[in-house]
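Chain by chain, the residues:
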Amino acid sequence: SVETPGAQPDATDSKQNAAKPERKLTIVLDPGHGGIDNGAVSRSGTHEKDINLELAFALRDSLLAKGGVRVVLTREDDTFIPLDARAAAGRRERADLFISIHADSIRQSALRGATVYTLSENASDRFAGEEWQKEKPDVFDILLDLTRRETVSFSEHFATSLVHDLATRDIRLINRPKRSAGFKVLKAPDVPSVLVEFGFLSNRQDEKLLQDDAWRKEVAAATADAVMNFFGGTEQGGRRGCTAADECDK
């Protein structure tokens, strides 16, 4: 008998595709500060580093409960992690999203509420890692510009979505809650990143909420819902599409 040309490869391809598991949505959570770096300290002695870690644990649990999600923390205990290492974790884990978790402090004790930050445009020009600069200058400029534009756009859209979803869930926000700043931890040009200040330790009401386990679970659930709604459900077969800088699965 004569085999039909192409029949066997098609069958093999089908088996290979069926056997290859879908890549889970990967979220890297970054509890700010840690170790010798306490972060903000309230008048009553509450350390931001501790609040950030508890918030990260609550958000991790909420995300994992959704299913189809892989969550990585930059730290899981009271350890000092350099800013560069935090940003590098997002790239190493090929994160679909990097969320840096913080609690703010300011002299005006009346100010309270959450703020969502993206990396400012001017700052993004200064924060390309050394591995990007190994390419020839013209190739580097083109790759960095294309990748950064996609990443910035993605980050901005998620930040807008997160602010909307938090407001919908009655999570208190400051005026103009979506802002940009030169946070070095958001520097990875190919990882969508946001920094969220969930409240102010300089405000007594916010401090009580930040210390309250039930409130942390509530705000974590709202943030997890925002993440899953943004990515379109509980299953994510691969990241947001490969750019020139992505090491895509073959």
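Counted residue by residue, strand 1 (residues 25–31) has 7 buried out of 7 residues, so it is predominantly covered. The two faces of strand 1 match: Leu 25, Ile 27, Leu 29 and Pro 31 on one face and Thr 26, Val 28 and Asp 30 on the other face are all buried. Pairing between strand 1 and strand 2 (residues 69–73): 5 bridges, direction parallel. Within the sheet, the bridge partner assigned to Leu 25 lies in strand 2 and is Val 69. Following the backbone out of strand 1, through helix 2 (residues 48–64) and into the adjacent parallel strand 2, one traces a crossover that is right-handed. The pairing of strand 1 with strand 3 (residues 97–104) spans 5 bridges and is parallel. Across the sheet, the residue bridging to Ile 27 is Leu 97, located in strand 3.

Quick look at the environment of Ala 224 now. Along the chain, the position of Ala 224 falls in helix 7 (residues 213–231). With relative accessibility at 0%, the residue Ala 224 sits in the buried group.

A separate point is the confidence of the model for the protein chain. In the predicted model, the protein chain carries a mean pLDDT of 83, and the fraction of residues at 70 or more is 74%. Across residues 1–9 the pLDDT falls below 50, and counting only partners more than four positions away or on other chains, this stretch makes 0 contacts in the model. Here residues 234–250 scores under 50 on pLDDT; set against residues more than four positions off or in separate chains, the count is 41 contacts.

Here we come to the nonpolar core. In terms of nonpolar packing, the biggest core is built from 43 residues, with Ile 27, Leu 29, Leu 63, Ile 99 and Val 227 touching the most fellow members. Only strand 1, helix 2, strand 2, strand 3, strand 4 (114–119), helix 5 (137–168), strand 6 (193–200) and helix 7 provide two or more residues apiece to this core. Take this core: its biggest share by element is 9 residues, from helix 7. When near neighbours in sequence (up to four residues on either side) are disregarded, Leu 63 contacts Ile 27, Leu 29, Val 69, Val 71, Ala 224, Val 227 and Met 228. In this structure, Val 72, Ala 95, Phe 98 and Val 185 belong to the second largest nonpolar core, which totals 12 residues.

This next bit is on the environment of Ala 222. With respect to the element layout, Ala 222 can be found in helix 7. With a relative accessible area of 1%, Ala 222 lands in the buried category. Separated by 57 residues in sequence, Ala 222 and Asp 165 have C-alpha atoms that sit 7.1 Å apart.

Looking now at the packing of aromatic side chains. Evaluation of the coordinates by the stated rule reveals 5 aromatic pairs. With a centroid separation of 5.7 Å and 45 degrees between ring planes, the pair formed by Phe 154 and Phe 231 is classed as tilted. On the criterion of sequence distance, the pair formed by Phe 154 in helix 5 and Phe 231 in helix 7 is long-range, its members being 77 residues apart. Aromatic pair Phe 158 and Phe 230: ring centres 5.4 Å apart, planes at 80 degrees, arrangement edge-to-face. Taken as a pair, Phe 158 in helix 5 and Phe 230 in helix 7 lie far apart in primary sequence, 72 residues in all.

Moving on to the packing of helix 6 (residues 204–211) against helix 7. Packed helices, taken two at a time, are described by the angle their axes make and the gap between the axes. At a minimum axis distance of 5 Å, the contact between helix 6 and helix 7 shows a crossing angle of 85 degrees. Taken together, the axes of helix 6 and helix 7 lie roughly perpendicular to each other. Contact residues: Leu 209, Leu 210 and Gln 211 in helix 6; Asp 213, Trp 215 and Arg 216 in helix 7. Looking at side-chain class alone, the contact of helix 6 with helix 7 contains 3 nonpolar, 1 polar and 2 charged residues.

Rules of the game
Residues numbered from 1 in each chain as written. Predicted model: local features only at pLDDT ≥ 70, side-chain atom pairs only at ≥ 80, totals over all residues. Heavy atoms only, no water. Buried < 20%, exposed > 50% of the residue type's maximum accessible area, 1.4 Å probe, protein only. Helix = DSSP H or I, 4+ residues; strand = E, 2+ residues; numbered from the N terminus. Pairing = 2+ DSSP bridges. Right-handed = clockwise from strand over helix to strand, strands pointing away. pLDDT = per-residue confidence, 0-100. Contact = heavy atoms within 4.5 Å. Core = buried A, V, L, I, M, F, W, Y, C linked by side-chain atoms within 4.5 Å. Phe/Tyr/Trp six-rings, centres within 6.5 Å; stacked < 30°, edge-to-face > 60°. Axes fitted to C-alpha atoms, helices over the stretch in contact; angles between N-to-C directions. Parallel < 35°, antiparallel > 145°, perpendicular 65-115°, else oblique. Nonpolar A, V, L, I, M, F, W, Y, C, P; charged D, E, K, R; others polar.

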